[in-house]
Amino acid sequence: MADAAISATVKVLLGTVTSIAADRIGMVLGVKAELERLSKTAAMIQGFLADADGKMHTQGVREWLKQLEDEVFKADNVLDELNYDNLRREVKYRNQPMKKKVCFFFSFFNAIGFSSSLASKIRDINTSLERINRQANNLGLVRKHQKEAAPPADAAASRQTDSILVPNVVGRVDDESKIVDMLLSPSEKVLSVIPITGPGGLGKTTLAKSVYNNPKIDGHFGQKIWVCVAKEHIKIMELFKLILVQLTQEEVKVDNREVIVKKIGEKLKGQRYFLVLDDVWDYDQGLWDGYFNTLMGLNETKGSWCLLTTRQVPVADVVSTHLKMNSGPYFLGKLSGDECWSIIKGKVMSAGEEVPEELEALKKQILGRCDGLPLAASLIGGLLLNNRREKWHSIVQESLLDECQSEIDQILKVSFDHLSPASVKKCFAYCSIFPQDTELEQDLLIELWMAEGFVQPDRQNQRLMEEIGGDYLTILLQNSLLEKVEESWRTCYKMHDLVHDFAKSVLNPKSSSQDRYLALHSYEELAENVRWNKVASIRSLFLHLGGGISADTNMLSRFKHLHVLRFSGNDVKFLPSSIGKLLSLRLLDISSSRIASLPESLCKLYNLQTLRMRDRALGMDFPKRMSDLISLRHLNYYHYSAEFKMPAQMGRLTCLQTLKFFNVSQERGRGIEELGTLKYLKGSLEIRNLGLVNGKEAAKQAKLFEKPDLSSLKFMWDSEGCDEDVLEGLQPHPNLQRLGIHSFMGNKFPQWFMNLSKLVVLRIEVCRRCSELPSLGQLPSLKRLYLGSLDNIRSIGDEFYGITTNEGEEEGRSRASGSSTRRRKFFPALEELYVADMEKLVEWKGADQVRSTVGEAEADVFSMLRNLSIQNCPQLITLTCSCKSLDVRSCDNLTSIKTGYGTASVEELRIDSCDNLRELPDLDLFGSSLQRLTIASCPRLISLGVNGQKCPLPCLEQLSIRNCAGLITISDKMFQSLRSLSVMWCPNLVSFSLNLQETPSLEKFVLVDCPKLIPHSFKGFAFATSLRELSIKSPFSSDDFSMDDFDWSGLENASTLRELQLRGLPHLDSLPHQLQYLTTLTSLSLFNFGGIRVLPDWIGNLVSLETLELWDCDKLQSLPSEAAMRRLTKLTSVEVHFCPLLRQRYTSQKGIYLEEEISSDPVRFSYLKFTLIYMCINFLYLHLIDIYLLFSLLYSFSPSLFCKVILRNSLLLGRPWFLFKD
């Protein structure tokens, strides 16, 4: 294996050496003969390598390869010096005044004058390579002239791409079901653990993910936490930090264990949680004792579970023993032969395709090699997928060799051996320099490969290195050596830990004479490598320094052949000036450090291709000579300020592809014309300060039209200028996909908008003088459109859709004459449209009006529109509804929403804060599409209903009405399919009734503060077979009706009811007695029962109760008796607010916690894990960041209470929110 890795290394380096030597022959007259000699010798040796690959078993060939590796690295280093010197002279030539350039030209090309030492080095290398060449003949190696197959030009477009990632987990349904059943079973333990164990490649993590995402889990646990450990030795603080990061989704910036665990306790308070610890290696007994003891102390709620995956049985035994689990580890078994075969077929064939005879004939051998490992099956499938059928037999036979290796390593070795070209092997191995489970960014991976020389430009086909690197990445995916992880906001790549182990053995093979790639985690490790003189061979250094950079800044300069340097660590705050001595450096990544400035010496790194920094890290400028970085391709840095100074003469960086922003300046060398020569720019670019550009011709010097690889542009103005002319001159290439225009002060937009055929996203905002919108209706790819703060737009009409006046007249004549016209489409791809803060917008020409203009049957308008959001358009009077989801907010003058074309497809309608809205469209016109309806803060809306039909909204599932002061009537004819009904704060609502017998699907019913309703309007609770949550809060008309008029008897039979919230009246002195029969309740909240003095003992009948909450019961003096409370064995939380008499009885010198006054028996409430009593007359809500304010307030109110809190309730500091009393 190691020898194959060395062979790949030599092949890559020899290709580089041959290419560079040939390129420089004509330029370097002083050593021309030696370079020609080097080029020929290297080419000859390349021919022997193909034969050497098949003779690795002989000792002589292995020794020959080691010698060759050393000499080729030496040659590469010498040629790198040669290349650097050429670049240095090119930079010097560019920087010369024009008068001196002619003299310098001759010096540069005819008398480079390399030092004698450099020429001597090349001569010595030639001598050694020629000796190695002769040894090849002596070893019987034969020169072969076959060329390595090049990767496909567009491998991603092949048929097999969709089958790379298996969509469904195979063979783990029973395992998943067993584990889920265990998690859902009742448990008297605070925390239980299931350790899944087994060898690598079995799919332990895959199974854990399936369990974690099982829908049954979501409803059972209050919190789910996924933590990937993946470290051989881990500290307990790291584990707690990983949990807190998952709970808060924020970086943990403190290192105090007390603070961290208290924050975890706040997040887990009173909840069952499900914790996954994936890929655990550390079996230190003390670690797990401390870890689980702390977790159980933070949250004593019963029923939490931890699922742990590990390859090591000792880990599983340690955690099982500590938590006293009787079941022991869950040993994950291998897959059956049929299941492995299913995975292989899914890789090799398309759905429905028959198994090829060639594959069927090899089935027995393949399944024997898989040995029940899903990873092995996936790898073999990927291997067969990427090779011709006639080669399948030999590939399977190869995988049966080398019985001394583990089964999986044999499979991985065969996959590795078949990677082509050799550079892909190096790219694969290099991925292991990252820690296991690292999510790898595509651009960074390719930039690293380029920096190491694994990717070389294809000069013949004029393809960029980045494109070739993308092809290499695709090859690794197709061979299942990398996994693709797709999220909504990004795509990244991961390497299975078993594959990672294998790749790591390839990266720095033990048989190699020296390590080339290092990842160090302390300054001491760095010093040790320097002390043992291990630095000259290092090509990549990943350096994480927790204590910052030492004063010995010259230590770094000893890594003189370094190609890649990555600094990380919060204490790394400066970059030493010795960085300028790393003349071979291609990639510098300081994005994970706190470095806030760049030394001027950085600008001597003429080989530098990639510079990555933390966004906003620098002050207000780059080093002065940044334009000397002649090889720079990727400047990964973003600064928010338009005042930030760009490097002078950026136009000299002609290789630059990645540039996130450009601030236009009037200073020499910082104008917009600097962008003109950057023809390879790609991705996203933000151009600011466009008010400083002097007209159309100046803007055209940016040559944006000639940059086809720019996918996203944002234009920003900071001051007035020739805005319309400037925007005209900034015409982008038609390939553009995203465009943003901010603070443009022209009156109209240019015509080139209509040429952006690939535009997907468009944002136009804060363009306060624009009186016309651009013509966008004919853009075929536009999916998302945002229009905001366009203060001068009064109407959205024909020009927006792309209809001209003449066009409308011609359509009319065509209809009159009876002649047929072509079917027109307006906004054919638009899915989301957002319009906000358009203060003068009065009229919006809707879809029906457009169809009328161009012909009733000849137009599709907004045919794909899903979301339409209109916010803060105070002058808009009418609006047409034609989308899947309509959200209208703060449109004060909106009086009606029109129906028409597209209304029948509306699924969600939300209307909020429209003060003059008097009527909604006839809801029966929505047909069977409307599912969710929300009306809020519309004070002039009088009625909500339909025109007498039985149920015109058969699919309506959610109805929410709140804060509509003028609402009188809600029709009961649209409740048939409701699952959620909420009516709140409608003081004049009189006509509203609900019969749950006619609403069998209702799961949630909320009725709050509707004082003119009467209780007997709501009935049929006996038929509420789906009702889970009921909230009745002060809905009824004062003292004329008692709570007993409500349909409590029907509610007794609602066996699905889990949550009940009731608000009474101040004079009521009892609870409805029917509540005692609601034995399925898990949560009961009682508000404003002002006359109740004692909670009845029948509360003890609510045996499923987990949470009890009491508010505003002024006369309440006592909880139920001890015997009654003992029956509530599932109760975990009691909260009491504004009940002053309870305070007098139950609080003592113990502070705010309920302890001695209920019972002197400490065991009595042992099941009551989170009994927090908040008995408040006045209380404060204060966030943790206001902790000092909290203490000062407490001290001012009550010094004794302040001391009590400090001394007896240190747990307070761990809570994110406080309810506190005076």
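Calculation criteria
Residues numbered from 1 in each chain as written. Predicted model: local features only at pLDDT ≥ 70, side-chain atom pairs only at ≥ 80, totals over all residues. Heavy atoms only, no water. UniProt positions renumbered as here; feature names shortened; annotations may be inferred. Helix = DSSP H or I, 4+ residues; strand = E, 2+ residues; numbered from the N terminus. Buried < 20%, exposed > 50% of the residue type's maximum accessible area, 1.4 Å probe, protein only. Contact = heavy atoms within 4.5 Å. Areas by Shrake-Rupley, 256 points an atom, 1.4 Å probe, with all protein chains shown as cover. Polar contact = N/O pair within 3.5 Å; in protein donor to acceptor, adjacent residues only side chain to side chain. Pairing = 2+ DSSP bridges. Axes fitted to C-alpha atoms, helices over the stretch in contact; angles between N-to-C directions. Parallel < 35°, antiparallel > 145°, perpendicular 65-115°, else oblique. Left-handed = near helix turned anticlockwise from the far one by under 90°. Nonpolar A, V, L, I, M, F, W, Y, C, P; charged D, E, K, R; others polar. Salt bridge = Lys/Arg side-chain N within 4 Å of Asp/Glu carboxyl O. pLDDT = per-residue confidence, 0-100. Phe/Tyr/Trp six-rings, centres within 6.5 Å; stacked < 30°, edge-to-face > 60°. Patch = residues over 30% accessible without salt bridge, like charges linked within 9 Å, V, L, I, M, F, W, Y side chains within 5 Å.

The chain goes by DH200=94 genomic scaffold, scaffold_1110 in an unreviewed UniProt entry, where it is assigned to Coffea canephora. Taken verbatim from the UniProt record of the chain, the Sequence similarities (unreviewed entry) comment is "Belongs to the disease resistance NB-LRR family."

*Asks:* Explanation requested: the overall build of the chain in the structure shown.
*Replies:* From N to C terminus, the chain includes 33 helices and 47 strands. Sorting the 1222 residues of the chain into buried and exposed places 54% on the buried side. Of all intrachain contacts in the chain linking residues separated by at least 6 positions in sequence, the fraction that spans at least 24 positions is 64%. As displayed, the chain has an accessible area near 52,900 Å², and 48% of this comes from carbon and sulfur atoms.

*Asks:* Explanation requested: the side chain of lysine 204 in the structure shown.
*Replies:* Structurally, lysine 204 can be placed in helix α7 (residues 204–212). Within the local environment of lysine 204, its side chain forms a polar contact with the backbone oxygen of glycine 198, the two atoms lying 3.0 Å apart. If near-sequence neighbours (up to four positions away) are discounted, lysine 204 is found in contact with Ile196, Thr197, Gly198, Pro199, Thr309, Thr310, Arg311 and Leu332.

*Asks:* What is the right way to look at α7 in this model?
*Replies:* Two residues of an α-helix separated by three or four positions point the same way, owing to the 3.6 residues in each turn. Every buried residue belonging to α7 is among Lys204, Leu207, Ala208, Ser210, Val211 and Tyr212, and all of these are buried. Looking at the buried side of α7, the elements it contacts are α6 (173–184), β1 (191–197), α8 (215–220), β2 (223–228), β3 (273–280) and β4 (304–310).

*Asks:* How should I be thinking about the sheet that holds β4 in this particular structure?
*Replies:* Strand pairing in a sheet is mediated by backbone hydrogen bonds. Such pairs are either parallel or antiparallel. In space, the 5 strands of this open sheet follow the order β2-β3-β4-β1-β5, with parallel pairing throughout. Each edge of the open sheet carries a strand with a single partner, namely β2 and β5 (330–331). Pairing between β3 and β4: 5 bridges, direction parallel. Its bridge partner lying in β4, valine 276 is registered against leucine 307.

*Asks:* Looking at this structure, I do not really get the sheet that holds strand β11 (residues 564–569). What am I missing?
*Replies:* Reading across the sheet, the 7 strands line up as β9-β10-β11-β12-β13-β14-β15 and stay open at both edges, with parallel pairing between neighbours. Single-partner strands in this sheet number two, and they are β9 (517–520) and β15 (658–659). Two strands pair when backbone bridges link them, and β9 and strand β10 (residues 540–544) are joined in this way by 4 bridges, in the parallel orientation. Bridged to tyrosine 517 within β10 is serine 540. Across the sheet, helix α23 (residues 523–531) touches β9 and β10, and the angle it forms with β9 is around 145°.

*Asks:* Explanation requested: the packing of helix α11 (residues 285–298) against helix α12 (residues 313–322) in the structure shown.
*Replies:* Helix-helix packing is characterised by the crossing angle of the two axes and by the distance between the axes. Their axes nearest at 10 Å, the elements α11 and α12 cross at an angle of 40°. On the basis of the axis angle, α11 is oblique to α12. The two elements α11 and α12 meet at a crossing, and its hand is right-handed. Contacts between α11 and α12 involve Gln285, Trp288, Asp289, Phe292, Asn293 and Met296 from the former and Val318, Val319 and His322 from the latter. Looking at the contact of α11 with α12, its residues break down into 5 nonpolar, 3 polar and 1 charged.

*Asks:* Even after reading the chapter, I still don't get the pattern of salt bridges, so can you show me in this structure?
*Replies:* Oppositely charged side chains are able to pair whenever their charged atoms sit close together. A full pass over the atoms with the stated rule returns 39 salt bridges. Salt-bridge contacts for arginine 516 lead to aspartate 70; the nearest nitrogen and oxygen are separated by 3.7 Å. Of the two residues, arginine 516 sits in the loop between α22 (497–507) and β9 while aspartate 70 sits in helix α3 (residues 59–95), which places them 446 residues apart along the sequence. Arginine 768 serves as the salt-bridge partner of aspartate 791, at 2.6 Å between the closest nitrogen and oxygen. With aspartate 791 in the loop between β21 (784–788) and β22 (795–796) and arginine 768 in the loop between β20 (761–765) and β21, this pair connects stretches of sequence that are 23 residues apart. The class of arginine 768 is partly exposed, set by a relative accessible area of 40%. It is possible to trace a salt-bridge network through shared partners that takes in Asp887, Arg889, Glu908, Arg910 and Arg932.

*Asks:* When you look at the environment of lysine 534 in this model, what are you seeing that I'm missing?
*Replies:* For lysine 534, the location among the structural elements is in the loop between α23 and β10. Lysine 534 sits in the partly exposed class, given a relative accessible area of 46%.

*Asks:* Could you clarify how one ought to interpret the environment of tryptophan 281 in this entry?
*Replies:* Locating tryptophan 281 in the fold gives a position in the loop between β3 and α11. Considered as a pair, tryptophan 281 and alanine 316 are 35 residues apart in the sequence and their alpha carbons are 9.6 Å apart. Within polar-contact distance, the side chain of tryptophan 281 engages the side chain of aspartate 279 at 2.8 Å.

*Asks:* Looking at this structure, how should I read α12?
*Replies:* Turning to α12, its buried residues are Val315, Ala316, Val318, Val319, Ser320 and His322. Buried residues belonging to α12 abut β1, β3, α11 and β4.

*Asks:* When you look at the confidence of the model for the chain in this model, what are you seeing that I'm missing?
*Replies:* A low pLDDT means the predicted coordinates there should not be read in detail. For the chain, the average pLDDT comes to 79, and 80% of its residues sit at 70 or higher. No element of the chain has a lower mean pLDDT than strand β47 (residues 1217–1219), which averages 30, and none a higher one than strand β18 (residues 710–716), which averages 97. Note on residues 108–113: pLDDT under 50 across the span, and 13 contacts to partners over four residues away in sequence or across chains. Across residues 146–167, where pLDDT falls below 50, the model places 32 contacts with residues more than four positions away in sequence or in other chains.

*Asks:* Can you help me understand the side chain of glutamine 436 in this one?
*Replies:* Mapped onto the elements of the fold, glutamine 436 is located in the loop between α19 (422–430) and β6 (440–441). Residue classification places glutamine 436 among the buried residues on the basis of a relative accessible area of 16%. There is a polar contact of 2.8 Å between the side chain of glutamine 436 and the side chain of aspartate 501.

*Asks:* I would appreciate a short explanation of the environment of leucine 736 in the present structure.
*Replies:* Summarising the element assignment, leucine 736 is placed in the loop between α25 (723–729) and β19 (738–742). For the pair leucine 736 and leucine 756, spaced 20 residues apart in sequence, the C-alpha to C-alpha distance is 6.7 Å. Beyond its immediate sequence surroundings of up to four residues, leucine 736 is in contact with Leu710, Ser711, Ser712, Leu713, Lys758 and Leu759.

*Asks:* Even after reading the chapter, I still don't get the packing of aromatic side chains, so can you show me in this structure?
*Replies:* When we look at a pair of aromatic rings, we describe it by the centre distance and by the angle of the planes. Taken as a whole and judged by the stated rule, the model has 32 aromatic pairs. When the centroid spacing of 5.2 Å and the interplanar angle of 20° are considered together, the rings of tyrosine 84 and tyrosine 606 count as stacked. You can see tyrosine 84 sitting in helix α3 and its partner tyrosine 606 sitting in the loop between β12 (587–593) and β13 (610–613), a full 522 residues away along the chain. Tyrosine 606 shares its class with tyrosine 84; the two are buried. Linked through ring pairs, Phe622, Tyr637, Tyr638, Phe644 and Phe661 together constitute an aromatic cluster.

*Asks:* I would appreciate a short explanation of unusual backbone geometry in the present structure.
*Replies:* Leaving glycine out, the prevailing phi sign among residues is negative, and the prevailing peptide bond configuration is trans. At the junction of serine 420 and proline 421, the peptide bond is cis and its omega measures out at 0° in the coordinates. Within the secondary structure layout, proline 421 lies in the loop between α18 (407–417) and α19. Although it is not a glycine, aspartate 279 sits at a positive phi angle of roughly 65°. Looking at where aspartate 279 falls in the secondary structure, it is placed in strand β3.

*Asks:* Got a minute to help me understand a nonpolar patch on the surface in this structure?
*Replies:* Judged by side-chain polarity, Ile942, Ile968 and Val990 come together as a nonpolar surface patch covering roughly 250 Å² of accessible area. With respect to the helices and strands, the residue isoleucine 942 is situated in the loop between β32 (932–936) and β33 (943–944). Here isoleucine 942 falls in the partly exposed class, since its relative accessible area comes to 48%.

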